[in-house]
Amino acid sequence: MEMLIVDDEKFAVEGICRCNDWQALGIDEVHTANHADEAREIMHDRRIDILICDIEMPDEDGLSLVRWVKEYSPHTESLFLTCHSEFDYAKQAINLGSSDYLLKPVDGEELAGAVTRMLQAIKEKEENERYTEMYRKYYSLWKKQKPRLVERFWQDLLSRRLLSFGDFLERALQDAQIDLHPDDRVLPILISIEEWNKPMDSRNQEIMEYAVKKAAEEIWLGGQPGEVIMDKTGVMIAIVYDSAGGEAAAASAPDSGLDWWAQTGIRFINVCREYFYCSVTCYVGKYASLQELPGLCESLKNMERDNITRTQSVLLYAPQSLQALPSAGPGEIHISEWANYMLNGDKETMLRLIHRIVSRLEATPNVQGKHLSTLHQDTLQIIYHFLQVKGISSNHVPQFSMWASAQIRSLRHYMHWAESLVSAVMEAAFEPVERDGVIQKSIRYIHHNVEEDLSREDVASHVGLNPAYLSRLFKKETGQNLIDFLIEAKMNRAKELLDTTGMTVSAIAQQVGYSNFSHFTKMFRKQFDVNPHEYRNVTKRMD
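Residues numbered from 1 in each chain as written. Predicted model: local features only at pLDDT ≥ 70, side-chain atom pairs only at ≥ 80, totals over all residues. Heavy atoms only, no water.

### Digging into the overall build of the protein
Part 1 of the argument: For the protein, the helix and strand inventory stands at 23 helices and 11 strands.
Part 2 of the argument: For the protein, long-range pairs separated by at least 24 residues make up 71% of all intrachain contacts whose partners lie at least 6 apart in sequence. (Helix = DSSP H or I, 4+ residues; strand = E, 2+ residues; numbered from the N terminus. Contact = heavy atoms within 4.5 Å.)

### Structural notes on the packing of aromatic side chains
Part 1 of the argument: All told, the structure shown has 16 aromatic pairs when counted by the stated rule.
Part 2 of the argument: For the ring pair tyrosine 131 and tyrosine 277, a centre distance of 5.3 Å and an interplane angle of 70° mean the geometry is edge-to-face. Remark: tyrosine 277 occurs in the loop between helix 11 (258-275) and strand 9 (278-284) and tyrosine 131 occurs in helix 6 (residues 108-144); sequence separation between them is 146 residues. Across this residue pair, the class does not change: tyrosine 131 and tyrosine 277 are buried.
Part 3 of the argument: Judged by centre distance (6.1 Å) and plane angle (50°), the ring pair of phenylalanine 386 and phenylalanine 430 falls under tilted. Here the residue phenylalanine 386 occupies a position in helix 15 (residues 369-390), and phenylalanine 430 occupies one in helix 17 (residues 411-448), the gap between them amounting to 44 residues. Phenylalanine 430 matches phenylalanine 386 in its accessibility class, with the two residues each being buried.
Part 4 of the argument: Ring-pair connections join several aromatic residues into one group, and the members of that group are Tyr514, Phe517, Phe520, Phe524, Phe528 and Tyr535. (Phe/Tyr/Trp six-rings, centres within 6.5 Å; stacked < 30°, edge-to-face > 60°. Buried < 20%, exposed > 50% of the residue type's maximum accessible area, 1.4 Å probe, protein only.)

### Observations regarding unusual backbone geometry
Excluding glycine, residues mostly carry a negative phi; peptide bonds, for their part, are mostly trans.
Part 1 of the argument: The backbone of arginine 160 sits at a positive phi, close to 60°, despite the residue not being glycine.
Part 2 of the argument: Within the chain, glutamine 399 stands out as a residue other than glycine whose phi angle is a positive 55°.
Part 3 of the argument: By the secondary structure assignment, glutamine 399 is in the loop between helix 15 and helix 16 (400-404).
Part 4 of the argument: Its relative accessible area of 32% is what places glutamine 399 among the partly exposed residues.

### Quick notes on helix 8 (residues 166-175)
Residues spaced three or four apart along an α-helix face the same direction, because each turn holds 3.6 residues.
Part 1 of the argument: Burial in helix 8 covers these residues: Leu169, Ala172 and Leu173. For helix 8, the buried positions fall inside an angular range of 100° around the axis, keeping them on one side. Opposite the packed face of helix 8, turned more than 90 degrees from it, sit the exposed residues Gln174 and Asp175.
Part 2 of the argument: Check the buried side of helix 8 and you find it contacts helix 7 (149-158). (Arc of directions from axis to C-beta.)

### A short note on the confidence of the model for the protein
Part 1 of the argument: Looking at the protein as a whole, the pLDDT averages 83, with 89% of positions reaching at least 70.
Part 2 of the argument: Contacts of residues 244-256 to residues separated by more than four positions or lying in other chains number 20 contacts, the stretch itself having pLDDT below 50. (pLDDT = per-residue confidence, 0-100.)

### Here's the deal with the pairing of strand 3 (residues 50-54)
Part 1 of the argument: Counting buried residues in strand 3 gives five out of five residues, a clear majority hidden from the surface.
Part 2 of the argument: Burial along strand 3 is two-sided: the face carrying Ile50, Ile52 and Asp54 and the face carrying Leu51 and Cys53 are both buried.
Part 3 of the argument: As paired strands, strand 1 (residues 2-6) and strand 3 are joined by four bridges and run parallel to one another. Looking across to strand 3, one finds that methionine 3 is bridged to isoleucine 50.
Part 4 of the argument: Where strand 3 lies against strand 4 (residues 77-82), five bridges are found, and the strand directions are parallel. Paired with cysteine 53 across the two strands is phenylalanine 80, which belongs to strand 4.
Part 5 of the argument: As a crossover connection, the stretch from strand 3 through helix 4 (residues 62-72) into strand 4 is right-handed. (Pairing = 2+ DSSP bridges. Right-handed = clockwise from strand over helix to strand, strands pointing away.)

### Considerations on the pattern of salt bridges
Part 1 of the argument: All told, the structure shown has 22 salt bridges when counted by the stated rule.
Part 2 of the argument: Here glutamate 298 ties to lysine 347 by a salt bridge, and the two come within 2.4 Å at their closest N and O atoms. With glutamate 298 in helix 12 (residues 293-306) and lysine 347 in helix 14 (residues 347-362), this pair connects stretches of sequence that are 49 residues apart. This pair shows no difference in class: glutamate 298 is buried, exactly as lysine 347 is.
Part 3 of the argument: Residue arginine 493 pairs with glutamate 451 through a salt bridge whose shortest N-O separation is 2.7 Å. Residue arginine 493 is found in helix 20 (residues 482-500), and its partner glutamate 451 is found in the loop between helix 17 and helix 18 (456-463); the two are separated by 42 residues along the sequence.
Part 4 of the argument: Residue class for arginine 493 comes out partly exposed when judged on its relative accessible area of 22%.
Part 5 of the argument: One salt-bridge network, in which partners are shared between bridges, spans Arg160, Glu298, Lys347 and Glu427. (Salt bridge = Lys/Arg side-chain N within 4 Å of Asp/Glu carboxyl O.)

### Some thoughts on the environment of arginine 305
Part 1 of the argument: With respect to the secondary-structure elements, arginine 305 resides in helix 12.
Part 2 of the argument: Residue class for arginine 305 comes out partly exposed when judged on its relative accessible area of 26%.
Part 3 of the argument: As a C-alpha pair, arginine 305 and alanine 460 span 155 residues in sequence and 9.9 Å in three-dimensional space.
Part 4 of the argument: Among residues more than four places away in sequence, those in contact with arginine 305 are Gly464, Leu465, Asn466 and Tyr469.
Part 5 of the argument: A polar contact is formed between the side chain of arginine 305 and the side chain of aspartate 306, at a distance of 3.0 Å. (Polar contact = N/O pair within 3.5 Å; in protein donor to acceptor, adjacent residues only side chain to side chain.)

### What to know about the environment of alanine 460
Part 1 of the argument: Here alanine 460 lies in helix 18.
Part 2 of the argument: Using a relative accessible area of 0% as the deciding quantity, one classes alanine 460 as buried.
Part 3 of the argument: For the pair alanine 460 and valine 438, spaced 22 residues apart in sequence, the C-alpha separation works out to 9.6 Å.
Part 4 of the argument: Residues contacting alanine 460, with those up to four places away along its chain left out, are Leu465, Asn466, Pro467 and Leu470.

### Focus on the side chain of serine 423
Part 1 of the argument: Mapped onto the fold, serine 423 is located in helix 17.
Part 2 of the argument: You can call serine 423 buried: its relative accessible area is 0%.
Part 3 of the argument: Those residues in contact with serine 423 that sit more than four places away from it in its chain are Arg160, Lys347 and Leu351.

### Let's talk about the packing of helix 18 against helix 19 (residues 467-478)
Part 1 of the argument: Axis separation between helix 18 and helix 19 bottoms out at 9 Å; the angle between their running directions is 90°. The pairing of helix 18 with helix 19 is recorded here as roughly perpendicular in orientation. Across from Arg456, Glu457, Val459, Ala460 and Val463 in helix 18, the residues of helix 19 making contact are Pro467, Ala468, Leu470 and Ser471. (Axes fitted to C-alpha atoms, helices over the stretch in contact; angles between N-to-C directions. Parallel < 35°, antiparallel > 145°, perpendicular 65-115°, else oblique.)

Right, dumping it as structure tokens:
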């Protein structure tokens, strides 16, 4: 920061230069001038951030100089000094947008305070300009963005809406023009936007989410093959292709392996906090086949759901240890046993059973097509039995008819087919009930504690879920943001108190958890289009 002092009195200039340690306050360089023309010459050569100017000078007054400065150097903050306290001078100074108006002789401490306020104003202005410039850039890109085949492919794969084995997967990759082979592997990274640190409406939030998505492409992919998508549930996922830029890049990094991904995540989190005004947590998976990807992404979502302590962190995926499976012969399905695991919602054990039976059959000599056919039919029998017991129509399972009628030609096909179909029917059976239970529990907690100083984090802690995960789930199930619902509940309670009690408005604000009265009034007006006093006066007249 550079400052210019303009005064025709030499001793006044020297006094201002010496009255404070300007460098300690954030001023890197101080320039001086004894008249307006000299000041203009300096400003032609230097970027002056703060101008301290005497109003009464013999050749040209300070008001005239500042009018020129506002046109030539609009970023400059100005401060007037004068020996007179006439209101006319003060009025003109204010009209010119000066930061302050001080009388001579100036107190050094008072001047330091004024300059400090000017420096803060400059920093805020620069931050707002940077935000505006960035916003315009991403708004332009956002307007031009159109749905892409690549993103739809990943969305369909993760939601199990396409067959992920054999020729089906190969054709889907070709149709989406993705340069991957069905046997290639990818690394998923779930990006959870925990909280926005700057107030914004839903439209601006959508644009900023797009900005975060573009930043994820730059940082997580870093020019290597991959994609950053929003899945069908609104979760942002970076998918890194396993190519020369994938595991090879991580292995050749200064800190190889998972440390490299952790450091990349920390850099991404810092960028999001500094430039996009949001707190982010990243969940890094492992390299997996395309067929394993849906299950792995579900595991990352479960990590996010259960994470209630570590925010703005990089969390690495680690498979959970499971209990030993019951023994069975090669290729043998205990139908009642499998059905019980499904009905109890134990999807992890079901998937392990599928993998185990395939591994045993692959290790068994003389396996024939009839064994595969029997395995296929037994699995379908279990699935239909499950749907019948649960009272679920197959129409409620995404792409059920496509999966159920698929031709199974190998044990590997069977494994991916069974894993996907079992996951899909179990999710259709259990997830809606679980989601509804969580939402209803959250709503009851909000209503029972509406007069407390309640936050989104308090509600999430009550139901034992990550706040970002709960907010996304709440919006999906109710169509309303969790914070908006919480504010609405508080305002409805405030209205009820206005109608039924003689409490003062400020007391009611305190009662419903608002210590800031002006913020309470603003929220009430936003909800009911009148402030609390106006509402009470209107209802009294009606009575």
